[in-house]
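Tertiary structure, described
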Amino acid sequence: MKKAIIKGVLLGFVFALALVIISAVMNQGNTDMTTEMGDPTYPIVSMIVKGKQVNSLHGYAQSMQSAYLRDTLQPVESDRKISVHIDTYGREISEIAFEVRSLEGKRLVESTEVTSYEQESDVITFDITLKDLIENDKEYLLVFLITPEGSTPIRYYTRMVMSDSLHMQEKLGYIVDFHERTFDKEAAAELTKYLESNSEGDNTTFDKVTIHSSFNQVTWGDLKINKMTEPDISIKELTEQTGSFQMEYLAFVKEGKDVNFYRISEYYRVRYTPDRMYLLDYERNMHQIFDEEADVYVNDKIMLGITGDQVSLQESDGGNIFTFVTADKLYSYNVTDNKLARLFSFYENTEQLTDARSAYNKHDIKVLNVDETGNVAFLVYGYMNRGRHEGSVGVAVYGYNSMTNTVEELVYIPYDKSYELLKTEINKLSYLNKSNIYYFMLDGSVYAVDLESESCKTIASGLRENSYHVSDSNKMIVWQEGDDLYASSRLTLMNLNTQAQTTINAGTGEYISVIGFMEEDLIYGLAKKKDIVKNNMGATTFPMYCLKIQSDNGVILKTYQKSNVYVVDSAIEENQLSLSRVVWDEETQSYLPTSDDQIMSTEEVKTGSNVLSYVVTERYETICEIDVKDEIDRKGLKHLTPKEVLFEGNRSISIPEQEHSESHYYVYGKNGIEGIYENPGKAVELAYTLSAVVVDEDGEYIWKRQNRSTRNQIMAITEDEASENRSSLAVCLETVLQYEGISRSVEHLLERGDTILDILASDLTECTILDLSGCSLDAVLYYVNQDIPVLATLEDGNAVLIVGFNELNIVLMDPSTGTLYKKGMNDSTEWLTENGNRFITYVRKE
């Protein structure tokens, strides 16, 4: 018995020793095949405006599609001088040059090498004088090409505009003064005349403070806030009177031994007048930097602090593993093993946090999958601050192996447009199935990347706005076949997990339209071809006599159909489908609105085992925390920092290029891209609401919120009268064409069914034609202020031209009466609204 015990102990010892040796060998091999992320190496370029350093530019490794790079706008005065500041961070620079180009980058205006500059330590400064080749008040692209010793040129992009009437001294001085006063309640008393404190302001959180917040909230409440870095000022938009600016900086709050760090951004929109400055908009966002080593674990809580809704959490099926992303850092927590791993971040400590290159936040992290063993698949997409892809924009798919505690890049998808645009694409579709195939969408095409073979194929292309929908989980996608949104005879439904595709056909004499998803259930509608109506502006009424709800396995769950009632619009919000309906009226031979209806889903919303919650504290107000399924052993908590797996070559894949014929309009506001539309009217109306701008795919302005003149009239347009053989719409169209130097008759074109858009587009080839139906009168007067007439169609079939305005009236050319007359602004707004606000205008291409 004794010998058996001794033998057992000996065998156990040998086994344990073998495990130690094997583990050491494996770890040694792991060390040889892993590395830490490389430090940032790119310099930062900025400019000096009125004594203030502004517009910090981060470099790009490749040439980019510059029309989409709208982060900064550099003002230039009539002397055409720009003062430049380069922080080299110790890197030797062998060559400096700059280019001036058209906004989309295709036309080169100037290319000049910088031969004279001063260098002190790690800072290079110089002035450039642009050649006399640029026009006043027109935006251009300015590109700096900085070539480090032994490297290729790094590109730095900014827009620029030359003007002596932008009042930069006053605008910059105002925002800097406002910013400084918020840290001193006594000095901040001056700010109360600029604030618009009211019930719209949320005074329960420091995450988002606005112009409508209280004075106490704007001045940090009871927080003992201290700035850690000076604000980095970016100029976003400029007109003679208005300007939009953003400040970004780091701050900290010290409480006893604890120090909490915060990333803070401030947005200002201001208006200059000779008498005083006006604050048009103000928003401050505050996001705590999570410190996993700090005392942030209380019972079953992980305290994340002031974050707002910027935290994402995803858990495994059993809830034993969950990931969370906060302040551009990805963590994974193993509830059972009590292990917290920081899977990804471009900054890892306070020193890197204060390095503007590591902490640059033009990227996002998205978790694709978490399994019960602790393995995590995730994306890092946007601008790559450091490491293998430094200075590139793209999508990196990573895998975390919990057994080896390593992170490995699986594929990299390069992208040559902006981070903001890439973010909108990733938010449309991003899904990894169980076969390790990653699905995503770019420029109206759906792609599938096999992570094992590193190959890519196109699943669908040419998808237009509203012609496809993706379920909230991203598992299901459906798209209409064909180019015409209102003339599709079939849908393709695809389960991305199983890769199975199902075709759904319309009946004979019918078209089909996709409405969307509720959970994984598809909703689509059917309309009879004979019921579809198209007006002379090209707008289509698609009356669906029947809606169907179909499960992901093809079972029809519900059919919605009412006699002589048609659905023309819908909206899905959580578990409710709201329906806008019409009825056919024989007397008027048209569709008339009737009462709305709703369809409710009875499926319960599932909640996870680990959830985000928000609690109110006395000093920090609303903070975010994670409610963990089990209590956390603080003393036994293990902190892991995975290393990156090395591999030979690169894992970049090329995406098959697809053509898209539809134009897109981009709305840029204080949050970057606020929306992308094929319909310019939707883009302009959103920009009007948000005080934003609309640009086209070449970066040219379609609309911008600015103060218009008190009065303007297009004097070249005079009265003209309709006749029996010439409708008022024909007169309006001919007048517009004649104003642009084209003489032709259009009545026969209207009679054969050509739309207003068709007629104008065929002749005004150097213009972009805009259907602004649904926009307000106040919004479309922007074009009249630019000496561009606006055509409005009326319910009775007539049309008028808006050709002028003053503070109290608009000026109309009305062919039905043959007169040019004034109509009160309020009366006109009401009258045009009653007629559907159906406007057509155009912009001249640069």
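On a predicted model such as this, the values are computed, not experimentally measured, just so you know. (Residues numbered from 1 in each chain as written. Predicted model: local features only at pLDDT ≥ 70, side-chain atom pairs only at ≥ 80, totals over all residues. Heavy atoms only, no water.)

Before going further, it helps to examine the side chain of asparagine 433. Here asparagine 433 lies in the loop between strand 28 (430–432) and strand 29 (437–442). Asparagine 433 sits in the buried class, given a relative accessible area of 4%. In this structure the side chain of asparagine 433 is engaged in a polar contact, spanning 2.9 Å, whose partner is the backbone nitrogen of serine 435. If near-sequence neighbours (up to four positions away) are discounted, asparagine 433 is found in contact with Tyr439, Leu496, Asn497 and Gln499. (Helix = DSSP H or I, 4+ residues; strand = E, 2+ residues; numbered from the N terminus. Buried < 20%, exposed > 50% of the residue type's maximum accessible area, 1.4 Å probe, protein only. Polar contact = N/O pair within 3.5 Å; in protein donor to acceptor, adjacent residues only side chain to side chain. Contact = heavy atoms within 4.5 Å.)

Here we come to the sheet that holds strand 22 (residues 329–334). The strand order across the open sheet built from 5 strands is 20-21-22-23-48, with neighbouring strands paired in mixed fashion. The sheet terminates laterally at strand 20 (312–315) and strand 48 (638–640), the two strands that pair on one side only. The average undirected angle you get between the axes of adjacent strands in this sheet is 20°. Sheet analysis places strand 22 next to strand 23 (residues 339–344), joined by 5 bridges and oriented antiparallel. Following the sheet pairing, asparagine 334 is matched in strand 23 by lysine 339. (Pairing = 2+ DSSP bridges. Axes fitted to C-alpha atoms, helices over the stretch in contact; angles between N-to-C directions.)

A few words on the packing of aromatic side chains. Tallied over the entire structure, the rule returns 28 aromatic pairs. Note that arginine 271 overlies the ring of tyrosine 278, its terminal NZ or CZ placed 4.8 Å from the centroid. Here lysine 528 stacks its cationic end above the ring of tyrosine 545, 4.5 Å away from the centre of that ring. (Phe/Tyr/Trp six-rings, centres within 6.5 Å; stacked < 30°, edge-to-face > 60°. Lys NZ or Arg CZ within 6 Å of the ring centre and 35° of its normal.)

Under the definition given, this model contains 40 salt bridges. Its salt-bridge partner being glutamate 237, residue arginine 70 comes within 3.0 Å of it at the nearest N-O pair. With arginine 70 in the loop between strand 3 (52–58) and strand 4 (73–76) and glutamate 237 in strand 14 (residues 232–238), the pair connects residues that are 167 residues apart, well separated along the chain. Residue glutamate 283 is joined to lysine 670 by a salt bridge in which the shortest nitrogen-to-oxygen separation is 2.9 Å. With a gap of 387 residues between them, glutamate 283 in strand 17 (residues 277–288) and lysine 670 in the loop between strand 50 (665–669) and strand 51 (672–677) connect regions that are remote in the sequence. One continuous salt-bridge network, built from bridges that share partners, spans Arg70, Glu139, Arg159 and Glu237. (Salt bridge = Lys/Arg side-chain N within 4 Å of Asp/Glu carboxyl O.)

In this section: the confidence of the model for the protein chain. Residues with a pLDDT of 70 or more make up 96% of the protein chain, whose mean pLDDT is 92. A low-confidence stretch, residues 16–31 (pLDDT under 50), is modelled with 2 contacts involving residues beyond four sequence positions or located in other chains. (pLDDT = per-residue confidence, 0-100.)

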